[in-house]
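Chain by chain, the residues run as shown.
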Amino acid sequence: MTVTEVPTSAGGNPIGFGRMLRKEDARFLRGQGNYVDDIDMPGMLHGAILRSPVAHAIIKSIDTSAAEAHPKVKAVITGAVLETLGLAWVPTLSYDTAAVLATDKVRFQGQEVAFVIAEDKYSARDALELIDVDYEILQPVVDAKRALDPGAPVIRTDKEGKTDNHIFDWEAGDAAKCDAAFAKADVIVTQDMLYPRTHPSPMETCGAVALMDKVTGQLTIWCTSQAPHAHRTVYALVAGLPEHKIRVVSRDIGGGFGNKVGIYSGYVLAIVGSIVTGKPVKWVEDRSEHLMSTAFARDYHMHGEIAATKDGKILGVRVDVLADHGCFNGTAQPTKFPAGFFHIFTGSYDYEAAHCKVTGVYTNKAPGGVAYACSFRITEAVYLVERLVDCLAAEMKIDPAELRLKNLLRAEQFPYTTPTGWEYDSGDYAPALREAMRIAGYDELRAEQRARRERRAAGDTTEPLMGIGISFFTEGVGAGPRKHMDILGLGMADGAELRVHPTGKAQLRLSCMSQGQGHQTTFAQIVAQELGIPPEDIEVLQGDTDNTPFGLGTYGSRSTPVSGGAAAIVARRVRDKARIIAAVALECSPDDLEWELGRWQVKGDPEKGKTIQEIAMLSHSSLELPDGVEGHLDGTCVYDPPNLTYPFGAYICVTDVDAGTGEVKVRRFIAVDDCGPRINPMIVEGQVHGGLADGVGMALMQVIAFDEEGNNLGGSFMDYLLPTSMECPSWELGMTVTPSPHHPLGVKGVGESATVGSPPAVVNSVLDAIQVRHADMPLTPAQVWRAMQGNSFRTDLAIT
Amino acid sequence: MQVTINVNGQDVSRDVEPRLLLIHFLRDHLRLTGSHWGCDTSNCGVCVVWMDGQPVKSCTVLTAMADGRSVRTVEDLEQGGALAPIQQGFMNEHGLQCGFCTPAMMMTGQALLDRNPDPSNEEIREAICGTICRCTGYENIVRAIRWAAEHQEVPA
């Protein structure tokens with residue numbers, strides 16, 4: 001499974017795994033990317049959405065007459081119009097319902113109220129100003145902790161008989177066993193912590209162009225979708241449109257990070273707009289619309305407890321979660337998992353028992369929760385356990401690295417079944433942490449920190465406070481298997497089709513959809529490795545439902561674990577077929593042939609053989625093939641993964657904190673990732689880099705908070721702060737390689753590892769610097785300064 | 001109103017609304033879609049183009065303000081079918097993933113190299129901090145601009 005010598009193609013690329021420059025770069029470097037807003041079509045109209053200025057209000061009336069009278073306006077669509085089409089309310093991915101356009105009430109600031117279609121986008125915006133909506137303001141539910149109070153305003157009055165804001169209760173693990181483990185503990189540490197609402201904010205906002213051809217009945221939707229096949233089926237199920245007449249096309253996507261999994265009102269409205277006007281209709285949201293209405297992430301209020309013996313052996317963990325899902329339960333996650341994969345919160349450690357309880361509530365905020373490279377809420381889980389372990393280390397005055405090394409799962413325990421029922425496929429954890437400590441120079445850093453603290457104690461306050469933070473994470477990525485995982489009944493398995501053309505050039509068709517991950521390159525490398533065809537001779541097609549096989553798409557780091565498995569298997573099927581064809585051509589038995597990269601040759605007589613390119617041509621020739629073997633060199637596959645893959649890693653963050661201002665500088669960040677063998681190490685490192693920047697952003701800067709009236713306080717990039725080149729250090733990466741035993745290539749996903757794993761390292765580092773047990777993210781200068789005064793604040797509300 | 005702007009070396013005259021943003025003029029009127037639009041508040045910087053040789057955020061420049069000036073966009077970087085060093089640097093160092101901020105990053109990086117042919121990593125970070133990238137964590141963008149610095153012809 002380890003990477004061995006890989007031959008190089010005439011194009012200078014590895015025929016298999018290895019560093020290869022990206023095929024997709026050629027167009028991006030020239031400004032020739034194909035994003036949805038780049039589409040222009042004859043007669044194309046432009047849509048714009050009128051949004052609610054308030055968080056909770058009854059809509060008493062909507063007057064669209066002035067907007068309709070605007071000379072460039074072609075149509076105005078309201079919730080009342082959608083009701084006549086049965087599209088005002090649609091099912092969500094979590095078996096709730098959500099309003100496409102508000103009919104009875106608005107339930108969050110920024111909710112969609114009306115849609116204007118005009119000849120150009122400036123006129124469409126102008127016309128929004130002409131719509132008069134009469135709102136009767138209602139008390140909003142802003143604080144999730146008050147959502148279940150008796151007498152709290154009921155948000156979902158649309159649901160018959162609904163008298164509170166409760167969505168679900170869900171638990172995992174063994175409560176009694178956990179109580180028993182806690183009963184024999186010498187030390188129990190308890191900590192409340194919030195993983196605040198954050199937003200993925202890809203640089204490209206969401207958008208769509210829809211075209212309904214009334215003659216053929218063909219509906220085409222070009223949109224920013226990470227899951228085009230799932231979108232097509234949902235349109236068919238929800239709108240009753242014939243699925244064979246729907247084509248969903250994702251072109252280049254300017255970043256997704258989970259934000260572009262769901263179907264947004266704007267997409268539906270563009271479709272309705274095209275049906276109404278008979279013209280192509282484009283809708284592209286602006287940044288504030290994007291931040292205020294599309295899928296946010298996290299918003300978990302967690303009460304955690306960790307129990308250990310006096311010599312530092314962790315016995316158990318339990319957690320009680322209040323989950324703020326916003327006003328519609330629309331989280332994108334496998335059906336059976338209302339709290340996503342949160343119950344993997346036992347993390348990377350070996351203990352007897354664990355238990356969690358999650359309660360989901362409605363609030364007057366935008367819907368979502370699962371987005372932003374979170375692996376279905378493993379982000380929250382890793383943050384919880386990694387913060388608890390640090391709290392325990394502080395309580396017991398044990399070095400946090402030592403405490404982790406004492407409790408990490410050991411190699412011989414794999415495959416390992418967690419106390420909440422997850423089977424980790426493979427792992428060797430301690431070497432990864434030791435490697436991170438080696439790169440960091442951990443002992444030297446601690447010595448430097450001690451020396452600084454001594455100087456400060458002696459009265460020298462010129463130096464910043466120094467913090468060292470560790471996190472260790474176990475990820476679970478690559479959903480399904482489909483017997484356990486589905487979305488709206490669609491099993492999480494993915495197809496692949498491979499066609500080797502007569503001249504030996506190939507096309508691979510995939511169900512997943514890149515948003516920047518470099519699929520055109522890495523999937524060509526997979527086929528190259530299996531078939532010996534140079535990667536430059538392999539075209540990877542994705543994103544167009546009319547010419548790719550069905551599958552659930554790209555999120556949860558599932559492209560490599562699932563579609564990567566499909567690509568490997570379909571290539572092997574083609575290789576097996578090529579063997580039969582070669583045997584006929586060489587007048588021998590297939591059993592007499594052996595595979596040497598790119599070639600079937602006679603065992604013991606390697607001069608006699610046929611290259612895959614020769615076999616491709618033979619497969620189209622007059623060569624007489626055995627009964628049951630059809631011509632051509634094509635294959636198909638649907639890959640149903642037997643389990644998730646479980647990448648892991650050890651991160652160390654070094655910070656300097658200005659004691660006077662609370663300003664944090666990330667001095668160093670060391671990341672050791674183990675995602676199994678790396679198909680393209682350059683791309684893997686790029687994925688890790690991006691996730692680490694996310695971690696710095698979430699830990700220090702990013703939050704979507706709300707004031708008491710439900711106003712979104714993170715509704716533009718002036719308020720919602722993302723890390724720039726100045727906040728990010730030069731990342732220091734390392735690796736260990738532990739293959740997955742069940743994946744055809746041994747590979748694991750990696751796209752979300754760093755986003756999942758890095759926030760607790762940053763937070764642990766800052767809290768280590770200021771010697772405070774806990775303060776909630778983001779650790780802005782104000783929060784750090786207040787934490788140092790023993791007065792940290794809730795970051796999900798307006799600062800008081 | 002009538003404007004005449006030299007765009008990528010060619011004079012272009014158009015009748016535009018006074019409120020038309022330069023980014024929309026470039027993208028929607030001239031179909032130069034390499035420059036992108038990301039926030040409207042001058043924070044994200046994916047709309048960076050050059051005006052009279054200086055990087056500007058074209059979402060907060062009115063087309064009217066560019067009247068009589070020269071504008072250069074990413075489409076002009078490649079010359080004679082050969083990628084410019086800044087483009088080659090981004091490719092070689094994996095300085096891009098989704099590609100959305102890339103044109104702005106390259107225009108900003110080239111502007112830096114034009115005034116400082118041998119910038120330090122810190123100077124590069126400072127130069128590009130007006131454009132946000134959500135994919136790369138910036139490390140490889142810094143390396144890409146360094147690569148370009150080391151591979152471009154510097155006038156004697």
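In what follows, the structure referred to is the one given above.
As a starting point, this report considers the structure included with it. Please read all numbers here as calculations on a predicted model, not as lab measurements. (Residues numbered from 1 in each chain as written. Chains lettered and ligands numbered in written order. Predicted model: local features only at pLDDT ≥ 70, side-chain atom pairs only at ≥ 80, totals over all residues.)

Broken down by element type, chain B carries 5 helices and 5 strands. Relative to the compact-globule value of 15 Å for 156 residues, chain B shows a C-alpha radius of gyration of 15 Å, a close match. Seen through its C-alpha atoms, chain B measures out along the principal axes to roughly 45 × 35 × 25 Å. The proportion of buried residues among the 156 residues of chain B is 56%. (Helix = DSSP H or I, 4+ residues; strand = E, 2+ residues; numbered from the N terminus. Rg over C-alpha atoms; globule rule 2.2 N^0.38 Å. Buried ≥ 20, exposed ≤ 12 C-beta atoms within 10 Å, placed from the backbone.)

In sheet architecture, strand pairing relies on hydrogen bonds along the backbone and comes in two forms, parallel and antiparallel. Residue and element names in this part refer to chain A. Taken in spatial order, the 4 strands of this open sheet run S22-S32-S33-S34, and their pairing is mixed. Each edge of the open sheet carries a strand with a single partner, namely strand S22 (465-474) and strand S34 (732-735). Taking the axes of each pair of neighbouring strands and ignoring which way they run, one obtains an average angle of 15 degrees across the sheet. Two strands pair when backbone bridges link them, and strand S32 (residues 648-657) and strand S33 (residues 664-674) are joined in this way by 10 bridges, in the antiparallel orientation. Bridging across to S33, Asp656 finds its partner in Lys665. Each of S33 and S34 touches helix H16 (residues 681-700); the most contacted strand, S33, lies at about 140 degrees to it. (Pairing = 2+ DSSP bridges. Axes fitted to C-alpha atoms, helices over the stretch in contact; angles between N-to-C directions. Contact = placed C-beta atoms within 7 Å.)

Another aspect to go through is the sheet that holds strand S10 (residues 187-195) of chain A. Residues and elements named next belong to chain A. Spatial strand order, S9-S18-S17-S16-S10: 5 strands in an open sheet with mixed pairing. Edge strands, defined here as strands with exactly one partner in the open sheet, are strand S9 (166-173) and S10. Adjacent strand axes in the sheet meet at a mean angle of 10 degrees when their direction is disregarded. In the sheet, S10 pairs with strand S16 (residues 300-308) via 9 bridges, with the strands oriented antiparallel. In the strand pairing of S16, Met193 is matched with Met302. The sheet contacts of helix H5 (residues 175-183) involve S9, S10, S16, strand S17 (314-324) and strand S18 (353-361), and relative to S18 the element is tilted by about 125 degrees. Contacts from helix H9 (residues 378-396) reach S10, S16 and S17, with the element oriented near 140 degrees to S10.

Before going further, it helps to examine the nonpolar core. Judged by nonpolar contacts, the single largest core of 303 residues is most densely connected at Val116, Ala208, Leu508, Val527, Ala567, Ile652 and Ala671 of chain A. For Val527 of chain A, the residues in contact, after removing those within four places along its chain, are Leu498, Ala506, Leu508, Ile533, Ile538, Ala567 and Ala571 of chain A. (Core = buried A, V, L, I, M, F, W, Y, C linked by C-beta atoms within 7 Å.)

Before going further, it helps to examine the interface of chain A and chain B. Contact with chain A, which involves 42 residues of that partner, is made by 41 residues of chain B. Elements represented by at least two residues in the side of chain A that touches chain B include exactly helix H1 (25-29) and H16 of chain A. Broken down by element, the side of chain A that touches chain B gets its largest block of residues, 7 residues, from H16 of chain A. Here the residues of the side of chain A that touches chain B sort into 18 nonpolar, 16 polar and 8 charged. (Nonpolar A, V, L, I, M, F, W, Y, C, P; charged D, E, K, R; others polar.)

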